[in-house]
Amino acid sequence: MRGVVMHAPGDVRVEEVAEPKITAPTDAIIRLSATCVCGSDLWPFRGVDAVDRPTPMGHEYVGVVEEVGGEVTTIKPGQFVVGSFVAADGTCEICRSGFPSSCVDRVFMNEVGTQAERARIPHADGTLVATPGMPGADLIPSLLAASDVLGTGWFGAVAARTGPGKTVAVVGDGAVGLLAVLAAGQLGAERIIAMSRHEARQKLAREFGATDIVTERGDDGVAKVKALTGGLGAHSVVEAVGTQESMQQAIRSARPGGHVGFVGVNHGVELNGEELFFAQVSLLGGPAPVRRFLPELIDLIWNRKIDPGKVFDLTLPLEEAGEAYQAMDERRAIKALLSV
Ligand SMILES: [Zn+2]
């Protein structure tokens, strides 16, 4: 079958790879309908993360189940499924407490590689959720978004304790940040401040429910958020980038007693303990427990209440994955969908 393999930074190839096989009785094999390139795939593409051997790529996926192992009970061949970017057993104490992305038996799906025609999904019962039926082509981008970027933006908004009456600020205007704006609106936020300096992304943020746009960054951005909130800062801040500047901006934009949900994969962030002490904010972050939210997100998408698939502004066949990486790297595309 065909699959995407990164050989070195900047060197993404689509080539023949081994067909996946059931290796544990809890596995499923799916035939991908669509997959995509993630902002986090750009870290190795840019050489920030090492690429020390040819690496299968991808961790976002939707598709049709072809085969299941002998111990899989809730997922059946022929079903259309959405799964989390972290496979989890769904039964350990950590899963049952709502954090399947830190399951004691977790498997990060980028270790499997879902930018391919087929993929093995470990822990099928704990990882996959079947849709009510076979979706039309128009729903596939939104269902694919649920696999990571929507689920991650949603977790960011939940971790930041978004809710009715709250002012929410979102740092980062990539797909996750934009979908955190959407999530904040769905969770009832009164005011949503999107921090973005790109016109197309500001427009999408407005469509997703942003009430204010702040174009300034760093301390100027913080000052602007404070000016919009009576000098206090936002109740809830979602951090969706993962750099030193964005983390500081997020923490400084929150009011004392506020909450920061940080969902951008951190790279080289170091926090000052004394500043953190006096900031008096709650921090919760990490890889999003997407599986916790999937049933609700699939329901919202299936009933056409939300359209998170709008973040895909480039669609290419799997064979042209290299161009998809380039377009996202150069910020010509917010997020690229690969049709399989
Ligand atoms: Zn678990």
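Model, not experiment: these values are computed from the prediction.

Overview of the overall build of the protein
- Along the protein, the regular secondary structure elements total 12 helices and 18 strands.
- Against the 2.2 N^0.38 benchmark of 20 Å for 340 residues, the protein shows a C-alpha radius of gyration of 19 Å, consistent with a compact globule.
- Seen through its principal axes, the protein has C-alpha atoms that stretch 60 × 40 × 40 Å.
- By the burial criterion, 53% of the 340 residues in the protein qualify as buried.
- For the protein, contacts bridging at least 24 residues in sequence account for 69% of all contacts bridging at least 6.

A closer look at the environment of Leu 338
- Examined against the element boundaries, Leu 338 turns out to sit in strand β18 (residues 336-339).
- Taking C-alpha positions, Leu 338 is 8.4 Å from Glu 319, a pair spaced 19 residues apart along the chain.
- Look past the residues within four positions of Leu 338 in its chain and what remains in contact with it is Ala 34, Thr 35, Cys 36, Gln 115, Leu 316, Leu 318, Ala 321 and Ala 324.

As for the nonpolar core
- Ranked by size, the top nonpolar core spans 108 residues in total, and within it Val 168, Val 170, Leu 179 and Val 181 carry the most contacts.
- It is helix α6 (residues 175-186) that contributes the most residues to this core, 9 residues altogether.
- Lining this core are residues from two domains, each supplying at least three of them: domain 1 (2-148 + 289-339) and domain 2 (152-285).
- Among residues more than four places away in sequence, those in contact with Val 168 are Ala 157, Ala 160, Thr 162, Ala 184, Ala 189, Ile 192, Ile 193, Ala 234, Ser 236 and Val 238.

Examining the sheet that holds strand β13 (residues 212-214)
- Strands sit in the order β13-β12-β11-β14-β15-β16 across an open sheet of 6 strands; the sheet is parallel. A strand with exactly one partner marks an edge of an open sheet, and here the two such strands are β13 and β16 (282-285). Pairwise comparison of adjacent strand axes, ignoring direction, gives a mean angle of 20° for this sheet.
- The sheet contact formed by strand β11 (residues 167-171) and strand β14 (residues 234-239) spans 4 bridges and is parallel. Looking at β14, one finds that Val 171 is bridged to Glu 239.
- Lying on the sheet, helix α8 (residues 218-228) is in contact with β11, β12 (191-195), β13 and β14; it crosses β13 at an angle near 155°.

Topic: the domain arrangement of the protein
- With domains assigned, the protein is organised as domain 1 (2-148 + 289-339) and domain 2 (152-285).
- Here domain 1 and domain 2 have C-alpha centroids that lie 26 Å from each other.
- A total of 3 residues in the side of domain 1 that touches domain 2 trace back to one element, the largest contributor, which is helix α11 (residues 290-302).
- Its residues assigned to classes, the side of domain 1 that touches domain 2 shows 11 nonpolar, 2 polar and 3 charged.

Quick look at the UniProt feature "domain: Alcohol dehydrogenase-like N-terminal" (unreviewed entry) in the protein
- When the UniProt feature table is mapped to this numbering, "domain: Alcohol dehydrogenase-like N-terminal" (unreviewed entry) covers residues 25-125.
- For the annotated span residues 25-125, helix accounts for 10% and strand for 30% of the residues, and the straight-line distance between the end C-alpha atoms is 11 Å.

As for the packing of helix α5 (residues 149-159) against α6
- Two elements in contact, α5 and α6, have axes whose closest approach is 7 Å; the angle formed by their N-to-C orientations is 55°. Compared by their axis directions, α5 and α6 come out oblique. With respect to the hand of their crossing, α5 and α6 are arranged in right-handed fashion. Only Ala 175, Val 176, Gly 177, Leu 179, Ala 180, Leu 182, Ala 183 and Ala 184 of α6 make contact with α5, whose side of the interface consists of Val 149, Leu 150, Thr 152, Gly 153, Trp 154, Gly 156 and Ala 157.
- Looking at the contact of α5 with α6 residue by residue, the class counts come to 11 nonpolar, 4 polar and no charged.

Cut-offs used in this document
Residues numbered from 1 in each chain as written. Predicted model: local features only at pLDDT ≥ 70, side-chain atom pairs only at ≥ 80, totals over all residues. Helix = DSSP H or I, 4+ residues; strand = E, 2+ residues; numbered from the N terminus. Rg over C-alpha atoms; globule rule 2.2 N^0.38 Å. Buried ≥ 20, exposed ≤ 12 C-beta atoms within 10 Å, placed from the backbone. Contact = placed C-beta atoms within 7 Å. Core = buried A, V, L, I, M, F, W, Y, C linked by C-beta atoms within 7 Å. Domains from an automatic or database assignment. Pairing = 2+ DSSP bridges. Axes fitted to C-alpha atoms, helices over the stretch in contact; angles between N-to-C directions. Nonpolar A, V, L, I, M, F, W, Y, C, P; charged D, E, K, R; others polar. UniProt positions renumbered as here; feature names shortened; annotations may be inferred. Parallel < 35°, antiparallel > 145°, perpendicular 65-115°, else oblique. Left-handed = near helix turned anticlockwise from the far one by under 90°.

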